[in-house]
Amino acid sequence: MAEITAASVKELRERTGAGMMDCKKALAENAGDMEASVDWLRAKGLAAAAKKAGRTAAEGLVGVAVEGTRGAVVEVNSETDFVAKNEQFQDFVRNVSTLALGTGGDVEALKGAAYPTGGTVEEKLTENIATIGENQSLRRTAVLEVSQGAVVSYVHNAAAPGMGKIGVLVALEGAASADTLTALGKQIAMHIAAANPLALNAEDLDPALIERERAIAIEKAKESGKPDNIVEKMVEGSMAKFRKENALLSQLFVIDNKTPVAEVVAQAGKDAGSPIALKAFERFQLGEGIEKAESDFAAEVAAAAGVKKDEPVA
């Protein structure tokens, strides 16, 4: 039997929102395998939700820039929120967001781009680390472009113009006026910031994610004790719901909570007298997927388990 540490219980609890003892049991049932334990808790209905590894925890800023029919988004991380409020750091994010427009979403190309004050982006970042006295990193970037239409940006929890905790780009294609596209794009971008869709269409959802969700749905349905034909219908119903709720075009628009986003876009095109197509989107949330140690909470879990933080939980 694998050793179950308080640290692993802590991580599983953070990821699922399940109780400490349920997390401990899940790890024990799955030989300490974290992903299998997450699925086990969800199948048992004990996980609050499927959460990405590590809650949003890294500090820094997400920056956006739009020029013509092209938009870029970048994430630059720092160790503390204090640095994210630093004018020198914000100036760097602002410049890098603009430079990202010309690097096609390639973070290595962006690091090698010429910085306005001399040297490369990577050299300027190294200089900032030395002068600010805190580690920083240019983590990722993405670019959207349309041949005709608009790329619209939105920043949630803005710390300064064009930068904040969540950055969204929306690519709209069509011959409607710039005012129409901008207004529609801003509303959709705000929806994306709130609803966090995983793909544009149901067909674009990650096949591996779909298979994982199906396995969980099957396990849940089997526990109902119903006949196989009913179980199959329950699984298909669950999967249809998952696809609808996680694909942008089929999500219910947050503004009225009843109209699918696809219909909102279609109606905007009718009102404008010219079709509008929602082609793509990007959503960067600061620190998503990065885990930051939370020693106080780990100590709390360890104390509750009656062990030192890194000792095995019996």
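Residues numbered from 1 in each chain as written. Predicted model: local features only at pLDDT ≥ 70, side-chain atom pairs only at ≥ 80, totals over all residues. Heavy atoms only, no water.

## Side note on the overall build of the protein
Looking only at helices and strands, one finds twelve helices and eight strands in the protein. Taken across its 314 residues, the protein has 43% of its residues classed as buried. A sequence separation of at least 24 residues applies to 66% of the contacts in the protein between residues at least 6 apart. Per element, the accessible surface of the protein, about 15500 Å² overall, is 50% carbon and sulfur. (Helix = DSSP H or I, 4+ residues; strand = E, 2+ residues; numbered from the N terminus. Buried < 20%, exposed > 50% of the residue type's maximum accessible area, 1.4 Å probe, protein only. Contact = heavy atoms within 4.5 Å. Areas by Shrake-Rupley, 256 points an atom, 1.4 Å probe, with all protein chains shown as cover.)

## Concerning helix α7 (residues 121-132)
Counted at 1.5 Å a residue, the expected span for α7 with its twelve residues is 16 Å, and the 16 Å between its end C-alpha atoms agrees. Listed in full, the buried residues belonging to α7 are Val121, Lys124, Leu125 and Asn128. Looking straight down α7, one finds its buried side chains confined to an arc of 100°; they lie on one side. For α7, exposure combined with an orientation more than 90 degrees from the buried face picks out Thr126 and Ala130. Contacts from the buried residues of α7 go to α5 (87-99), α6 (107-111) and β4 (136-145). Following α7 by one or two positions, Gly133 adopts a phi angle in the positive range, close to 80°. (Expected span 1.5 Å × (residues − 1). Arc of directions from axis to C-beta.)

## Some remarks on the nonpolar core
The biggest cluster of nonpolar side chains holds 24 residues, and the ones touching the most others in it are Val170, Leu172, Ile188, Ile276 and Leu278. Every element with two or more residues in this core is listed here: β5 (149-160), β6 (163-174), α8 (178-195), α11 (261-272) and β7 (276-285). Ranked by residue count, the leading element in this core is α8, at six residues. Each residue touching Leu278, except ones within four places of it in the same chain, is listed here: Val170, Ala171, Leu172, Ile188, Leu200, Leu248, Leu249, Val261 and Val265. Ranked by size, the runner-up nonpolar core spans 22 residues in total, among them Ala72, Val93, Tyr115 and Ala160. (Core = buried A, V, L, I, M, F, W, Y, C linked by side-chain atoms within 4.5 Å.)

## Comments concerning the packing of aromatic side chains
Counted according to the given criterion, the structure contains one aromatic pair. Summarising the aromatic geometry, the rings of Phe92 and Tyr115 are spaced 5.8 Å apart at their centres and angled 25° between planes, so their arrangement reads as stacked. Taken together, the positions of Phe92 in helix α5 and Tyr115 in the loop between α6 and α7 put the pair 23 residues apart, joining distant regions of the chain. With respect to burial, Phe92 and Tyr115 carry one shared label: buried. Directly above the ring of Phe284 sits Arg140, whose terminal nitrogen or CZ lies 4.0 Å from the centroid. (Phe/Tyr/Trp six-rings, centres within 6.5 Å; stacked < 30°, edge-to-face > 60°. Lys NZ or Arg CZ within 6 Å of the ring centre and 35° of its normal.)

## Looking at the confidence of the model for the protein
Within the protein, residue pLDDT values average 88, and 89% of them lie at 70 or more. Per-element confidence in the protein is highest for β7, whose mean pLDDT is 98, and lowest for helix α12 (residues 295-305), whose mean pLDDT is 45. Taken together, the stretch residues 49-57 has pLDDT below 50 and engages in 25 contacts with residues farther than four places along the chain or on a different chain. Predicted confidence is poor over residues 293-309, with pLDDT under 50, and the contacts of this stretch with residues over four places away or in other chains come to 28 contacts. (pLDDT = per-residue confidence, 0-100.)

## Digging into the pattern of salt bridges
Under the criterion given, the structure shown has 18 salt bridges. Asp39 is the salt-bridge partner of Arg212, the closest N and O atoms lying 2.7 Å from each other. Remark: Asp39 occurs in helix α3 (residues 34-43) and Arg212 occurs in helix α9 (residues 207-222); sequence separation between them is 173 residues. The exposure class of Asp39 is partly exposed, given its relative accessible area of 21%. For Lys44, the salt bridge is made with Glu223, and the minimal N-O distance between the two is 2.9 Å. In this pair, Lys44 is assigned in the loop between α3 and β2 (59-67) and Glu223 in the loop between α9 and α10 (228-246), connecting sequence segments 179 residues apart. A single salt-bridge network, built from bridges that share partners, covers Arg15, Glu35, Asp39 and Arg212. (Salt bridge = Lys/Arg side-chain N within 4 Å of Asp/Glu carboxyl O.)

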